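Letter by letter, the chains look like this.
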Amino acid sequence: MAILVTGGAGYIGSHTVLILLKYGIEVVILDNLCNASHKIINRLEKITNKKLIFIENNIVNRICLKNLFKKYDISTVMHFAALKSINDSLHQPLLYYSNNVTGTIILLEEMLSANIRNFIFSSSATVYGIDSPIPYCETNSIGHTTNPYSTSKLMIEFIIRDFVKVNPSFKAVALRYFNPVGAHESGELGENSTGVPNNLLPYIAQVALGRLKKLNIFGNNYNTPDGTAQRDYLHVIDLAEGHLNVLNHLPKIKGYKVYNFGSGKIFSVLEVIKIFEKISGKKILFEYKPRREGDLPSFWADTSLAKNELGWQAKRDIYTMIRDMWNWYIKNPNGLN
Ligand code: NAD
Ligand code: UD1
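Described below are features of the structure shown in this document. Note that the structure is predicted; figures quoted are calculated from it, not measured.

If you check the shell around ligand 2, you find 20 residues, and the closest are L200, N216, R231, R292 and D295. Between an oxygen atom of ligand 2 and a side-chain N or O atom of N179, the distance comes to 2.9 Å. N199 places a polar side-chain atom, nitrogen or oxygen, 2.8 Å from an oxygen atom of ligand 2. Surface burial for ligand 2 is 88%, taken as the share of its 720 Å² of free accessible area covered by protein chains. Listing elements by their share of the shell around ligand 2, those giving two or more residues are α7 (200-208) and β8 (215-218). The element best represented in the shell around ligand 2 is β8, accounting for 4 residues.

Attention now goes to the pattern of salt bridges. When the charged atoms of two side chains lie near each other, side chains of opposite charge can form a pair. Taken as a whole and judged by the stated rule, the model has 19 salt bridges. Linking R62 and E109 is a salt bridge whose minimum nitrogen-to-oxygen distance equals 2.5 Å. Here E109 lies in helix α5 (residues 93-113) and R62 lies in helix α3 (residues 62-71), a separation of 47 residues in the sequence. Classification of R62 by relative accessible area gives partly exposed; the value is 33%. Among the residues examined, E109 registers a relative accessible area of 37% and is labelled partly exposed.

This part covers unusual backbone geometry. Where the residue is not glycine, phi is negative for most of them; where a peptide bond is considered, it is trans in most cases. Between I134 and P135 the backbone carries a cis peptide bond, its omega angle lying at -5 degrees. Tracing the backbone through its elements, the reader meets P135 in the loop between β5 (118-124) and α6 (148-166). Its identity as a non-glycine residue notwithstanding, N49 has a phi of 55 degrees, on the positive side. With respect to the secondary-structure elements, N49 resides in the loop between α2 (38-48) and β3 (53-56). According to the relative accessible area criterion, N49 is exposed, its value standing at 71%. One non-glycine residue with positive phi stands out, namely H144, at about 50 degrees. H144 gets classed as exposed once you look at its relative accessible area, which sits at 57%.

With that out of the way, let us pick up the packing of aromatic side chains. Evaluation of the coordinates by the stated rule reveals 8 aromatic pairs. Between Y136 and F178 the ring centres are 6.1 Å apart and the planes differ by 45 degrees, which places this aromatic pair in the tilted class. Here Y136 is found in the loop between β5 and α6, whereas its partner F178 is found in the loop between β6 (171-177) and β7 (179-181), with 42 residues between them in sequence. For Y136, a relative accessible area of 2% translates into the label buried. Ring-pair connections join several aromatic residues into one group, and the members of that group are Y128, Y136, F178 and F299.

Among the secondary structure elements, S37 is positioned in the loop between β2 (26-31) and α2. Residue classification places S37 among the buried positions, given a relative accessible area of 10%. Among the polar contacts listed, one links the side chain of S37 to the backbone nitrogen of K39, at a separation of 2.9 Å. When neighbours within four sequence positions are excluded, S37 is seen to be in contact with N192, L336 and N337.

The next subject is the site of ligand 1. In the vicinity of ligand 1 lie 27 residues, with D31, N35, N99, Y149 and K153 positioned nearest. Note that an oxygen atom of ligand 1 is positioned 2.7 Å from one of the side-chain N or O atoms of N35. In the model, an oxygen atom of ligand 1 is placed 2.8 Å from a nitrogen or oxygen of the F80 main chain. Notes on ligand 1: free accessible area 810 Å², of which the protein chains cover 95%. Residue assignment for the shell around ligand 1 shows that the elements contributing at least two residues are α1 (11-22), β5 and α6. Per element, the largest residue contribution to the shell around ligand 1 is 3 residues, and it comes from β5. Across the shell around ligand 1, the residue classes tally to 14 nonpolar, 10 polar and 3 charged.

Let us now look at α5. Between its terminal C-alpha atoms α5 stretches 29 Å, which fits the 30 Å expected from 21 residues at 1.5 Å a residue. Taken residue by residue, α5 has Y96, N99, N100, V101, G103, T104, I106, L107, L108, E110 and M111 as its buried positions. In this structure, the buried side of α5 is in contact with β1 (2-6), α3, β4 (74-79), α4 (86-91), β5 and α6.

Right, let's talk about the environment of V28 for a bit. Inspection of the secondary structure puts V28 in strand β2. V28 gets classed as buried once you look at its relative accessible area, which sits at 1%.

The subject of this paragraph is the sheet that holds β2. The parallel open sheet is built from 7 strands, whose spatial order is β3-β2-β1-β4-β5-β6-β11. Two strands in the sheet have a free side with no partner beyond their single neighbour: β3 and β11 (255-261). Strand-to-strand, the axes of this sheet are offset by a mean angle of 20 degrees, without reference to chain direction. As defined by bridge partners, β1 adjoins β4 across 5 bridges and the pair is classed as parallel. Counterpart to L4 in the pairing with β4 is V77. On top of the sheet, α3 reaches β1, β2, β3 and β4; it is set at about 170 degrees to β2, its chief contact.

About the criteria used
- Residues take numbers from 1 onward in each chain, read along the sequence in its written order.
- All chains are assigned letters beginning at A, and all ligands numbers beginning at 1, according to the order in which they are written.
- Only residues with pLDDT of 70 or above have their local features reported here, since the model is predicted, and side-chain atom pairs are shown and tallied only from 80 upward, although totals for entire chains, interfaces and linings are computed over all residues.
- As a rule here, side-chain values cover all heavy atoms of the structure and leave hydrogens and water aside.
- Residue proximity to a molecule or strand is established when one non-hydrogen atom of the residue lies within 4 Å of it.
- For this analysis, a polar contact is any N or O atom pair within 3.5 Å, provided that within protein one partner can donate a hydrogen and the other can accept it, and provided that sequence-adjacent residues contribute only side-chain to side-chain pairs.
- For every accessible area listed, the method is Shrake-Rupley and the probe measures 1.4 Å; residues are considered covered only by the protein chains on display.
- Secondary structure elements follow DSSP: runs of H or I of four or more residues count as helices, runs of E of two or more count as strands, with numbering from the N terminus.
- Every case where a carboxyl oxygen of Asp or Glu lies within 4 Å of a side-chain nitrogen of Lys or Arg is listed as a salt bridge.
- Note on classification: 1.4 Å probe, protein chains only; a residue is buried when its accessible area is under 20% of the maximum for its type, exposed when over 50%, partly exposed between these limits.
- Between the rings of Phe, Tyr and Trp (Trp by its six-membered ring), a pair exists once the centres lie within 6.5 Å; its type follows the angle of the planes, with under 30 degrees stacked, over 60 edge-to-face, and the other angles tilted.
- Only heavy atoms enter the contact rule, under which two residues are in contact if any of them lie within 4.5 Å.
- Polar here means any residue other than Ala, Val, Leu, Ile, Met, Phe, Trp, Tyr, Cys and Pro, which are nonpolar, and Asp, Glu, Lys and Arg, which are charged; Gly is therefore polar.
- One less than the number of residues in a helix, times 1.5 Å, gives the span that helix is expected to have.
- Two strands form a pair only when DSSP identifies at least two bridges running between them.
- Note on geometry: axes are C-alpha line fits, over the in-contact stretch for helices, and angles between N-to-C directions span 0 to 180 degrees.

These figures come from the coordinates and say nothing about function on their own.
Below, the structure is given as structure tokens:
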């Protein structure tokens, strides 16, 4: 039996593949490399000393899925494949809905006809929208998303919920990730982003590498202790390991379940910069700019459900996250593309 990992060449998917392989679980990777490089697969093979099954194709390709499900004995699908840029989604909403939403529908349909019944979906804390009380708890209502990317995740959660209702032999888990950062401690695997980053830590790393002049801090007048926004950062390896907990817990799951995957701890932009400077020895120049549209002052996860039911909680602190991320950038200053 093997796990199909869609998007397994991407940032979170590749780290999860590593953890699955570490625990002797067989993996089939499906990725169209629209936001990844084949070199990630080579790196995975190098770290694990294993030959991987990698299929370069699109999740919307039914023929590919049919053949794949026929050829390999798949017990569970971990579905990471998606387009994930909030900004791009505002300019190309149809692309985001067709790739993320239609792609997931096709995947579920083909799983159903191949009699594969276990589904683990990468959702996002953004589904809580702009009005949700903090900390975010799985029982909070979801909605009021502000961009097509987040709405695509929201729609997929509703689709999975409704689909499982009428297919009771199905088990599906949506994991609402908070802010994943960091890299594998070897420095061989990390977030292989291209272009100017949108997210805070990859941007800081580019400033430290001298590629970007300074960081723009979006807002210093939030109602937070230092005026800058606070986030719940989570080490990508903790996140990857959490998928193993979900896998082990699947036999106990009935129907559709949702879990927050965060650390439950918050750090402000200024705190993150200070820690980064301490670890890297680099000075990060910054300038205050107006708030970024759609940004919230502060949010973090209520992590009790994942802890109580899955026995999972984040173990690595912000220093480890930043140390491992910086190690990845030092070793791969040009990325892998
Ligand atoms: P990523 O872009 O690094 O990985 C996604 C992978 O999916 C890429 O390798 C890409 O090539 C592949 N892909 C995209 N569309 C595809 C398609 N139609 N067919 C086949 N492959 C396809 O992103 P990531 O950061 O690893 O995110 C993984 C998942 O987690 C995504 O679903 C994302 O929405 C979700 N998520 C990410 C974050 C984050 O901050 N990184 C936060 C919350 C949720
Ligand atoms: C963003 C995404 C979210 C995704 C998450 C993790 C948005 C609106 N949301 O959330 O969907 O799940 O990343 O990948 O993009 N900041 C700066 N300067 C920068 C970059 C960021 O000041 O150059 C600030 C932001 O205003 C924010 C904080 O740093 O307050 C964290 O930003 P970011 O890393 O982009 O994460 P989120 O905004 O939480």
